[in-house]
Every structure is written in structure tokens, then in C-alpha cells.
Amino acid sequence: MKQSLQQAQTAALLTLLNDTQSPSQQSSSSTTAVVSRPGTPGPPAGATAPPVWKVLVLDAQSKDVLATVLRVQDLRDTGVTLHVQLHSNRPSIPDVPAIYLVAPTLNNVRRIAEDLQNNLYESFHLNFTSPISRPVLEELAALVAKDGTSHLISKVLDQYLDFLVPSPSLFSLLSPLPPPPSSTTTAVTSPSTSSTSALSAKVPHHTAYHVLNSPSTTEQQIEEEVERIAAGLFSVIATSGQIPYIRCPRGNAAEMVAKSLEGKIRDQILSSARGGGVFSQGEGGLGGLTRPLLVIFDRNVDLVPMLSHSWTYQALVHDVLDMRLNRVMVMTTEGGRSSKRSYDLDSKDFFWAKNSANPFPQVAEDIDAELNKYKQDAADITRSTGISDVNDVSQIDFSSNAQHLKTAITALPELTARKNTLDTHMNIATALLSAIKARGLDELFQTEEGIGKQSVAAILEILRHPPSSSSPTAEDKLRLVIIYYLSLAPNVAQALSKEDIAELEAELKKAGADVQAFGYVRKVREVMRMSGFAGGSGFGGGASGGGGGGGTGWEGGFGALSNRFTDRLKEGGFDNLLSGVKNFLPQSKNLAITRLVEALMDPSSASNQALQDTDEYLFLDPRQPRSQANPNTSPYVPTSTGAGKGKRMVHSEGIVFVVGGGGYVEYTNLMEWASGRGNTAVGGGGKKVTYGSTEILDPEEFLATLDSLGRV
């Protein structure tokens, strides 16, 4: 992958937005350039040509797609002067072309036909986020033929853009739209239950984990969900432009998705060979020698990261604050009044790009350093221009020295933007600190770091008497208990007495927690133990620990440090806040999925257990002729050095996809391995890995999903 998935999706969107020739232009574009209307520039003839002014029409899903990669200014740069919702009342602008980017649904195409009938725009460029089905396309064609509006349609294209890319190496599929209020959809697609709980309000309207694991799910619903996931994952592959090798464990939803995806890729390869598919002959495509590895996992391979309390900045923000589509909502207090403020965090935010994967104390230290750098740069400006404050630019005497004007114009915009960014992260860090102190998140993280050393008595003591006078929420305590249970070795978990379980549940109930999620996890682990699915990687099974490794002596945790943090915030800075605290940061440690990916991408660095677990993974090569492909046999050829080692391949690029939801704890751990950051003993380094899942869930959303399954 020469470019990241985010760059590939952004490029596809920009190409779509810049392609706005009208039908009359298309018929004559080979001989002359025609403007779309008087006073409007025509299609760009070169890099410096101005864009065509246009309207962009979106639906709820495509709006989310654009929100993660493009800003309003990016839309304006392509000539989009107005972006509107498809199902809204819109005025007619008959002399401007319109670009539609919507999901291929019956409701959407009927509204498009209505817009055509009303002659809302000069020309219609119809783009669907995923391939439009034949029945829906026929419905559109019938409506257009009936109204006689086909001359207004410039083009109809499938764009394969039905996924979200909030970070360069992170993606998730689009969730289905919530059913209308009058719908009689079953509880599988809307995982609410008749008996309510404190967690019921946090259950997402649709999660693949609920659909694929609910006993009330029908065979047809499972097939439809697998097809939806495979179609979304195909869009990712089509956008990246590279045909991967596919690996997955056998006997679960991951295998079903992998086989469906392989079929879709094969069909497109045949179409591309005839000149009509989505794959080119370039590197990584039909003729490419360097191909990525796509590893598809079932979420049940390891639940611990989905519930862990983390200590990295991005995972903390996602867990503690209200974060969606890179937008974070934070409660701020100014002048004694509280209000909610939103902040956009993406790769264009220099501080977020640099620190999102760093531990929170290191982030606070970097805010201190950046603030000092800002103050120094601002002081240089004020000294050279003769003003007392960088905000008092109007006081500069430009008549005395024109150089002052040049200095101010050059430096002030960058300084202002940098200060705004630092203010944003100062407010976010303040909100995180409040939650850390109130809920004792530092102590919970420390406990989960060494969860394998804890006993039932120690967990009960934490539930009854939280350290440092903190007050963990009921959900925090429930997450801790489930992580403890999943981190026990199978024989230890099996030996856990009924009295121990009852005592843990009693303490959880006393704290106000619903224990259905705990009961569901115990039941599923027992089923998996009996079926032998867990294997070496396990259903938790001590594979993960708490959040990424055994710490190096917290010596009282973050409690004493937080007092200094609060005092420094009151003083308006982070000066020398965390000096000498780096010794408290946790060591690197691979989580279960990271260890399995390492075995598949870098076998020489992997453990024997991980190699044994992955040797029997299914191997699918969509470019291999069907006559030579046998998915029912292992791809490995026994050698003299041992079974399975003959075809262990080294891969430099990979896509890791989890069916059933993913989270930032797992994502951050995988990226650390891929980049080789921290302890070199963990392997990795020089690998380009993209992590994705059916949806990105915060710990409470996943806990609520487990709770809803426990009530079915």
C-alpha cells in the first residue's frame, strides 16, 4: 500500500467531487471545453484551473464518510458551495450541477427521481457509496423513464466508499441505518430487550457482535450480516487497489466473511480482466508482486481489550469522553457556567497526530513543552514588533518599519492556530484528569496491568474499598471483574467456586451493576472450552492482561501526581509537570491479536504457541485459479523441520479486520508492534498495518452489548 487507506479514500472522494461535466459537455468534451453555465468556470483543464461550482447532496451515511476525511474548506476547494441532506426541503438551483453521494436504497433513489422530476439542478451526477443492486437500479430506471428525465443524468457510478477512516491506519464499516419507528424489526438488528437496565441506553442500534452471537438470530439474518460485512470489507480492498492474501481461523464468523469476500474479489478479477472491474494492472492489483496480507478475526478470540481501562491518550478520550467521528464533546466551565464544547481531532491536528498513541502522562508533558515553545515564539514576535502581547497586532507601528508587517503577517496565523490547538488539548486533558481522579482510572489500569497476579480476595477488596478515595462507576467495577475472569487460565477459571462467583456478583449488585454481561461471558467461555475453539489464544484466557503490559512499579500510581497536575492547571500551564515520571510508564506487551498477527506476518519473531495457533488458519488466494484452491485443507506443506513451516510467509503490509467490533486499546497495541516502538523485544518494526472492524465501540458500548446478549 503506497498510500494509506485514508489517503486512498480521500483521493477517491476528491476525484468524485471534481468530476462534474454535464451531459452536453460529455458529448462534446473530445473537441471543445464547454462551461456548465454562464459565469461558471468549466471542468479543470490543469492543476491551476478553477473548479466548477456545484451542490453536494448527501444522506446520513455518506455525511459520516466525508466527515472523517474532509473539512468544509476542502469541499470549497473543489467548488462545492452548498452541501445538503437528500431527505430535506431544498430549493431549486437549475443552473448548477449536483453531485449525489448516497447509499443505494429504495428510499434514496425515489427521492432522487423526485428531484429529477422537479428539475432541481442543471445535471445530476449519481454516486452510490456501495454497488447498487439490480432491483434498486431497475426502480430508478423505471421512475426516470416514466418522468422523461434521463437527459438530466450525467452518470451513475458505484464508488465503494461505505466505510469510515478516522485515522490513516484505522477504519470501520458503516452500520445499517436505524429502522423506522414503525418497523417490526426483531431484537437482533435492534438489540434492545424487554427488561431494561442501566446499560440499555448505551446499546448501539446495531452491532455485528450482537447479530452473530444472539441465540435469537435466524440463519437468514446471519447470512445477511455476513454478506453486509463482506461487502463493506470488499469496498476497503477495492479502494486500496490491492488484492490481498486472506488468512482467518476456522469454524466461526471470520471464516464465513473470508469466503464471501474471496468470492467477491474473484468476480471482480474476472471483470477487471475484461476491462470492467475495479482492480487495475498496477502494483498490488492484478499484476502486482507485492501484496498485503488480510487477517480476519472473530471478536471472541479476545474480549479483554474491548473492556480494558487504558492509559493512552486516544483510548482514554474514546473511553471517558463523548467521541464520535473524530469529534469530541467536552464539558467546560467558564465564569461559573458549564457548557458543552466540541473539538475536531484528526491527523491534521499536529498535537493529536503526534500524541494520540502516547501514554497520558507523556501527553501532559508534551503539552508543557509545546506551551513553552509557543510562549518563546510569541515572545520573539512581540520583541521584534514592539508590542506587549501577540494579540495586540493592531498596535504595531507599520510606518516605522515595514519588516514588522512582514513578520506579523507571516508568523501570527501559524501561532494563532497552534495556540488554538494547544487550548483544545488543554481542555481535553483537564476533562480526562477529572475523570481519572473521580473514577480512579489510574488504579484500575494498574490493577489490570497485573491482573494475572490478582486473587478473588484482592478483586473483592478493590470492589469494596477502592483505593485513593476514588469512586469507580458500577460499569468500571463490572469491567474489572470480567477482565479478571477472562484473564484466568482455563483450568483456574473452571476451578472458580460458585461461592466466589456469587460473592463477586453480590458486590457488583451492591455497587448498582447489572451482572447479565458477566453471566453471558461465563456461559460463552464454557461453551468455547467444551468445543475447543479457544485453543492457545483463548477467549481472554490470560492472553491480554489489562492494557498492554506489566508496569514497572507505579509507587502509588497517578494519585499524587494528579494534585500537581490540578495546581498547574490553575496556574495556566503545564511547566515541568511530569518531570521524572517516565519510569512509571508501562512496558510494551503484545495483546492476543497482535501476537497472532506477528505469527502470520513475521514468523521468525513469533512465539511457538502463536505459530501453532495460526498454522491451521485458512489460507485463501483470490488470484489463484479455483481448480487449484482448496479451502478445506491447510495451505502448509510439512517439511523436515516440522509441520507447517514450509509456507510461513513474511509480509511487510497487512490489514487486520475484526468481525464483531474493535477498539482503540487493541488498535494502539497493534500499531506499536508494527512500528517497533518501545521495547524491541516485542518484534515488529517496519510493518505497515491497517486495523479495522465492523464498528469501533467504546468499552461501555461493548459492555452494553454483552449485557443485552445476557438478557436474550
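Our structure is the block above this text.
Let us look at the structure shown here. (Residues numbered from 1 in each chain as written. Predicted model: local features only at pLDDT ≥ 70, side-chain atom pairs only at ≥ 80, totals over all residues. Heavy atoms only, no water.)

### Details of the packing of aromatic side chains
Phase 1 of the analysis: Inspection of every chain in the model, using the stated rule, returns 15 aromatic pairs.
Phase 2 of the analysis: Chaining the aromatic ring pairs together yields one cluster made of Tyr100, Tyr121 and Phe124.
Phase 3 of the analysis: The ring of Tyr245 carries Arg291 above its face, with NZ or CZ at 4.0 Å from the centroid.
Phase 4 of the analysis: Seen from the ring of Tyr485, Arg525 lies directly overhead, with NZ or CZ sitting 5.5 Å from the centre. (Phe/Tyr/Trp six-rings, centres within 6.5 Å; stacked < 30°, edge-to-face > 60°. Lys NZ or Arg CZ within 6 Å of the ring centre and 35° of its normal.)

### Brief notes about helix α5 (residues 106–117)
Phase 1 of the analysis: When the terminal C-alpha atoms of α5 are compared, their 16 Å separation across 12 residues agrees well with the 16 Å that a helix rising 1.5 Å per residue should span.
Phase 2 of the analysis: Turning to α5, its buried residues are Asn108, Val109, Arg111, Ile112, Ala113, Asp115 and Leu116.
Phase 3 of the analysis: Looking at the packing, one finds that the buried side of α5 touches β3 (98–102), β4 (124–128), α6 (134–147) and β5 (153–158).
Phase 4 of the analysis: Positioned one or two residues after α5, Asn119 has a phi angle of 55 degrees, which is positive. (Helix = DSSP H or I, 4+ residues; strand = E, 2+ residues; numbered from the N terminus. Expected span 1.5 Å × (residues − 1). Buried < 20%, exposed > 50% of the residue type's maximum accessible area, 1.4 Å probe, protein only. Contact = heavy atoms within 4.5 Å.)

### Regarding the environment of Asn127
Phase 1 of the analysis: You can see Asn127 is positioned in strand β4.
Phase 2 of the analysis: Measuring from C-alpha to C-alpha, the distance between Asn127 and Lys155 comes to 8.0 Å, with 28 residues separating the pair along the chain.
Phase 3 of the analysis: Ignoring sequence-local partners within four residues, the contact set of Asn127 consists of Leu16, Ile99, Tyr100, Leu101, Val102, Leu157 and Gln159.

### Notes on the pairing of strand β14 (residues 653–659)
Phase 1 of the analysis: Buried residues dominate β14, accounting for 7 of its 7 residues.
Phase 2 of the analysis: Bridge count between strand β9 (residues 293–298) and β14: 6 bridges; the pairing is parallel. Its bridge partner lying in β14, Asp298 is registered against Val659.
Phase 3 of the analysis: The pairing of β14 with strand β15 (residues 688–693) spans 6 bridges and is parallel. By the bridge assignment, Glu653 is partnered in β15 with Lys688. (Pairing = 2+ DSSP bridges.)

### Quick word on the sheet that holds strand β2 (residues 80–85)
Phase 1 of the analysis: Taken in spatial order, the 5 strands line up as β2-β1-β3-β4-β5 in an open sheet, and their pairing is parallel. In this open sheet, the two edge strands, each paired with only one partner strand, are β2 and β5. On average, adjacent strands in this sheet sit at an angle of 15 degrees to one another, irrespective of strand direction.
Phase 2 of the analysis: Judged from the 4 bridges that link them, strand β1 (residues 54–58) and β3 form a sheet pairing that is parallel. In the sheet register, Leu58 faces β3, and the bridge partner there is Leu101.
Phase 3 of the analysis: Lying over the sheet, α5 contacts β3, β4 and β5, oriented at roughly 175 degrees with respect to β4. (Axes fitted to C-alpha atoms, helices over the stretch in contact; angles between N-to-C directions.)

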